[in-house]
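Okay, here's what each chain looks like letter by letter:
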Amino acid sequence: MSRPSRHVRWPGILVGGLGLVLLALSCVVASDLATTSRSLQDEVVRTEGLVLSNVRTLGQTQRELLRLQHLLDIDAPDDEVRLQAGFVSQRTQESALSYQQVTLGADSLMATARRNEAAWREEVLPALNGLLLDRRDSARTRAQIEERIQGLERSYNVLASLGETNRREQVATTNETATDLSGDLRRLLLMLGVLLAAALASSATGAVLFLRADRRRSDAVRELRSLNDDLAFYSRVVEATDSPLIASDPTGRITWVNEAFTRSTGWRLEEVRDRRPGEFLLGPATDRPTVRRLLGAMENREPVRVEIAIYTHDGEQRWVTTDVSPLLGADGELEGFFAVQTDITERHEAELLLVEARRAAEETARQKASFLATMSHEIRTPLNAVLGLTDLLLLTDLDGEQRDYVETAHRSGSHLLALINDVLVYSSLESGRLEHAEEPFSMAGVLGETVAMFGPEAEVKGVALRLHLAPDVPAALRGDEVRLRQVLVNLVGNALKFTESGSVSVETTVVRRSEDADGRPVCELLTTVTDTGIGIPGWRIPDLFQSFVRGDASTTREYGGTGLGLAISRGLVEAMGGTIELESELGRGTRVSVRTAHRAIGAPESDPAALVAAEPDDSCQLSVLVAEDDAVNRKVVVGMLARLGIVPSVVGNGRDAVDLVERVDFDVVLMDVEMPVMDGVSAVRRIRDSQGERRPHVIALTANALTGDRERFIEAGMDDYVSKPVTLESLTAALVRARPRSSV
C-alpha cells in the first residue's frame, strides 16, 4: 500500500519541480530585464543630473554677477570685490566649457556663452581691476561696469532659461524611451505570469492561507499574553490595596472579597461567599434608614455612597464609607455590584469628640451667660436701691457734708454700674452674640448728652470740655444710638480721667457722602476725642486695644480701671461697621478717631432733647401701675414717680398686675420681669390677649441687661425697656415716649 502511494506523489513532485524550474528561469529573465531597465533608468538619472548640474552652473554664474553688482552698489571693501570677481571668473569659464553644449543644445547658445566669457575676461574684469586701483573717476567707471555686469547677468539668465528648457526636452525624450522599455518588460512579465499562474495558484493560495492563519495565531497568542499580564498586574494591585473590596452577583450575594477585607473584618472569602453583607456585617449601631437607602440604590442600579457602622468577625464596631457601583455588561444587563470600603472609624470618633466638645462649649457658654445674667440681676437689684435712693436724696435739702457723702456714694455706685456694663458688653463681644440696632437718632443729642454727663466732673477738675458739631452733619441718622453713646462715654471718660489740666475736645465732621445699594444717602462721620492729658508711650499703643491692657502699672494704681474700655470700644465700633484709631504722644495728649457710616433720614422720630428737658408736670396726668416684687425697688420707683407728680398703683406680682389692669384703665405699666406667682413676660402676654388695642403702654423695668434682653422683651409684647438701676432721667424719658399712646 505504501509503494502506490509513493508513485502517486511523484507526478506531483515532478510537476512541482518543473514549476519550480520554470519559476526560476522566469525569475532569471525577469531579473535580467529588471537589471537592464534599472541601468537605463540610472543612465537617465545620471544624464538628467549632469544636465541639471550644467543648468545650475549657468544659474550660479548669474547669481555671482548679481552679488558682484550688489557689492559695488554698497561700496564694499576692495578685498571682497576682488574675491567676488574671482568667483565670477570661475563661473564664466565653467559656463563656456564644451560640455555645456549638451545643456544648451544649440551652437548659437554655446557661442553666446563663450562671447560672454570673453567679454568678462577681456573687458569687464580689466575695467573692474582698474577701478579698484584708481578711484579718481570711480562714479562713471562704476556705472559703466555695473551696466556691463547687468548685460552679462541678463544674458546668463536667458542662457539658464533656455538650458532648462533643453534639459526638460532631453529628460522627456529619455523618459519616453525608458517608459517604452518598461512597458515591454511589464508585458513580458505578464506573459510569464500567465504561464505560471496555474502552476502557482494552488501553492500560492495554500501559502497565503497558511501565513494568514499563522499570523492570526501569533496575534492571538500575543493578545492573550498581554491580557494575562494585565490581569496579573490588576490582581496584584487589588491584593495590595488597603481598601476592602467586595464583588457580588446581581442579587447582592458576595462572589469575591480581597485580602484587605479579610484583614479589616476578620471574615474570609470561604465564610462569606454566596452571603449578603447585611447578614453578618450589620449590628445595633447600624443606621437602618441608611441601609434602606443603600438597598434602594442597588435596586435602581444607581451608584451610591453611604457612611455606616459595621461589625467585624470579633464583634468590634467600625465605621466605614461604602461606595457601591453597578457592573453592567456590553448589552446593558446587570452583571453584579462592586463595593469599595474606607475605614473612617478614627474620623467618626473625632467628629463625635468634636460634637461633644461643641456641646460642652455651648453648655459652658450657656452656664456663663446664665451666671452673668444672674449676677447682673442680683447686683443691679441692690444697686438700683443705692443709686435710686441717693438720686432722690440729692433732690432733698442737704448740708454741704451730707451732700458730699451722698454724691460720693452715688459716684461709687455709678462706677460699679459702669464696671458691670463693661463686663456684660465684653462677654457679648467675646461670644460673638453682640447685636446692634438700626434706629433713628440725633448725633447732636448723643454728643450733647455725653458731654453733659461729664460736665460736672470736668468743672471740678478745672478741665475745659468742648464740643463741636459740624453744621453739615444731618439732623437725623439711622444707627445704634445706645452703642454709639457707650463708645463716646468710654472715650470721653478716659480722656477726662487722664487729663489733669488743659482741655478735652469732642468733634464730629462729615468726611464722605455716598449712597447705599438702594440709592439712599449715607454719611461717613469722623468723631474725634482729643485731650491734653498724660499721653501714652508709642510702643504701648498697638496693645491698648487688647483686653485688660493699660498704659502701665502706675496709671492703674493712680487712675484705676479694668483695661476693658478701649477693647470694648473697638468691638462696638467694628460691630457697627466702623473703625477706631488712636494717636498719642507721651506728655502731650491723646487723640482717638472713630469712623462710622450712617444712613441719613429726613427727621428723627423723636427729639432726644425733648426727653431730657421734659418737665415733671408733663407726666403727672398719667395713670401708672408699678408691678415690682422687691420692696426696696418699689420704694425707689414710687419715690421717683412722686418727684414727677405721679401717684402710682403698686402690686407685687404679675397675676395681680393682670387682674388690676382688667379692672382699671392704666396709661402705663412699669413691669418687673422676674416676679413670683407670674413673671412679667407672662403677665404682658395676658394683658395683650385680654385688652387688645386698649392695652396700656408696658415698660419693662428689669435688672436683665445682657445683649438681646431688650429685643427679647420687646418681642414678648413690651413697648419699652428701662434697665436697672433706674435713674430719674431714664424713667422720665420712658414716660415721655409713652405719652403719644396714652394721649390717644
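Here the structure is a predicted model, which is why all the values come from computation and not from measurement. Residue positions are given per chain, counting from 1 as you read along its sequence in written order. Local features in this predicted model are restricted to residues of pLDDT 70 or higher, and side-chain atom pairs are both shown and tallied only at a pLDDT of 80 or more, whereas totals for entire chains, interfaces and linings draw on every residue. Note: side-chain values were computed over all heavy atoms of the structure, leaving out hydrogens and water.

## Description of the overall build of the chain
- Helix and strand content of the chain: 20 helices and 17 strands.
- For every residue, the accessible area obtained with a 1.4 Å probe (protein chains only) is divided by the maximum for its type, and the residue is called buried under 20%, exposed over 50%, and partly exposed between those limits. Taken over 744 residues, the chain has a buried fraction of 39%.
- Whether two residues touch is decided by their heavy atoms; if any such pair falls within 4.5 Å, the residues are in contact. A separation of at least 24 residues holds for 64% of the contacts in the chain among residues at least 6 apart in sequence.
- As displayed, the chain has an accessible area near 41,300 Å², and 55% of this comes from carbon and sulfur atoms. Numbering of helices and strands starts at the N terminus; helices are DSSP runs of H or I of at least 4 residues and strands are runs of E of at least 2. In these tables, accessible area is a Shrake-Rupley quantity obtained with a 1.4 Å probe, and a residue counts as shielded only by the protein chains included in the view.

## Some words on the confidence of the model for the chain
- Confidence scores labelled pLDDT are given residue by residue by the predictor and lie between 0 and 100. Summary statistics for the chain give a mean pLDDT of 78 and a share of 73% for residues scoring 70 or more.
- Within the model, the stretch residues 548–563 combines pLDDT values under 50 with 29 contacts to residues more than four positions away or in other chains.
- Across residues 604–617, confidence stays below pLDDT 50; counting only partners more than four residues off in sequence or on other chains, it has 14 contacts.

## Quick look at the pattern of salt bridges
- Whenever a carboxyl oxygen of Asp or Glu lies within 4 Å of a side-chain nitrogen of Lys or Arg, that contact is scored as a salt bridge. What the rule picks out here adds up to 24 salt bridges.
- Note that Asp518 is salt-bridged to Arg520, the shortest N-O span being 3.2 Å.
- By relative accessible area, which is 34% here, Arg520 ends up partly exposed.
- Linked by salt bridges that have partners in common, Glu117, Arg121 and Glu122 make up one network.

## Quick notes on the nonpolar core
- Counting residues in each nonpolar core, the largest one holds 37 residues, and the members touching the most others are Met443, Leu465, Leu491, Val504, Leu525 and Val529.
- For this core, the secondary structure elements donating two or more residues are α11 (443–461), α12 (481–497), β9 (503–515), β10 (521–531), α14 (565–575), β11 (579–585) and β12 (589–600).
- The greatest single-element share of this core, amounting to 7 residues, is contributed by α12.
- Setting aside residues no more than four positions away along its own chain, Val529 makes contact with Leu491, Val492, Ala495, Val504, Ser505, Val506, Thr590, Arg591 and Val592.
- We define the nonpolar core as a collection of buried residues of types Ala, Val, Leu, Ile, Met, Phe, Trp, Tyr and Cys that are connected through side-chain atoms lying within 4.5 Å of one another. Formed by 24 residues, the second largest nonpolar core is a distinct cluster that contains Ala85, Leu109, Trp120 and Tyr156.

## Thoughts on the packing of α11 against α12
- All axes are obtained by fitting lines to C-alpha atoms, using only the stretch in contact for helices, and the reported angles, taken between N-to-C directions, cover 0 to 180 degrees. As a packed pair, α11 and α12 sit with axes 10 Å apart at the nearest point and diverge in direction by 25°. Between α11 and α12, the crossing angle belongs to the class labelled roughly parallel. The two elements α11 and α12 cross, and the hand of that crossing is right-handed. Counted together, Met443, Val446, Leu447, Glu449, Thr450, Met453, Phe454, Glu457, Ala458 and Lys461 of α11 and Glu481, Leu484, Arg485, Leu488, Val489, Val492, Gly493, Leu496 and Lys497 of α12 form the full contact between these two elements. Working definition: roughly parallel below 35 degrees, roughly antiparallel above 145 degrees, roughly perpendicular at 65 to 115 degrees, and oblique for all remaining angles. Working rule for handedness: look at the near helix, and if it is turned counterclockwise from the far one by less than a right angle, call the crossing left-handed; if clockwise, right-handed.

## Notes on unusual backbone geometry
- Although it is not a glycine, Asp274 adopts a positive phi angle of roughly 70°.
- Mapped onto the secondary structure, Asp274 falls in the loop between α7 (269–272) and α8 (288–299).
- Positive phi outside glycine occurs at Val677, with the angle close to 70°.
- Within the fold, Val677 resides in the loop between β15 (668–671) and α18 (680–691).
- Exposure remark for Val677: the relative accessible area of 62% places this residue in the exposed category.

## So, the sheet that holds strand β1 (residues 245–248)
- For two strands to count as paired, DSSP must find a minimum of two bridges between them. In space, the 5 strands of this open sheet follow the order β2-β1-β5-β4-β3, with antiparallel pairing throughout. Unpaired on one side and paired on the other, β2 (254–257) and β3 (304–311) mark the two borders of the sheet. Neighbour-to-neighbour, the strand axes of the sheet open up by a mean angle of 30°, direction not taken into account.
- Strand direction decides the pairing type here: strand β4 (residues 317–328) and strand β5 (residues 334–343), joined by 9 bridges, are antiparallel. Residue pairing for β5: Leu327 is matched across the bridge by Gly336.
- Seen against the sheet, α8 touches β3, β4 and β5 and runs at an angle of roughly 135° to β3.

## Structural notes on the sheet that holds β15
- In space, the 5 strands of this open sheet follow the order β14-β13-β15-β16-β17, with parallel pairing throughout. Of all strands in the sheet, those with a lone pairing partner are β14 (649–651) and β17 (720–723), marking the two edges. Averaged over all adjacent pairs, the angle separating strand axes in this sheet is 20°, with direction ignored.
- Summarising the sheet, strand β13 (residues 624–627) and β14 pair through 3 bridges and their orientation is parallel. Note on β14: the bridge partner recorded for Ala627 is Val651.

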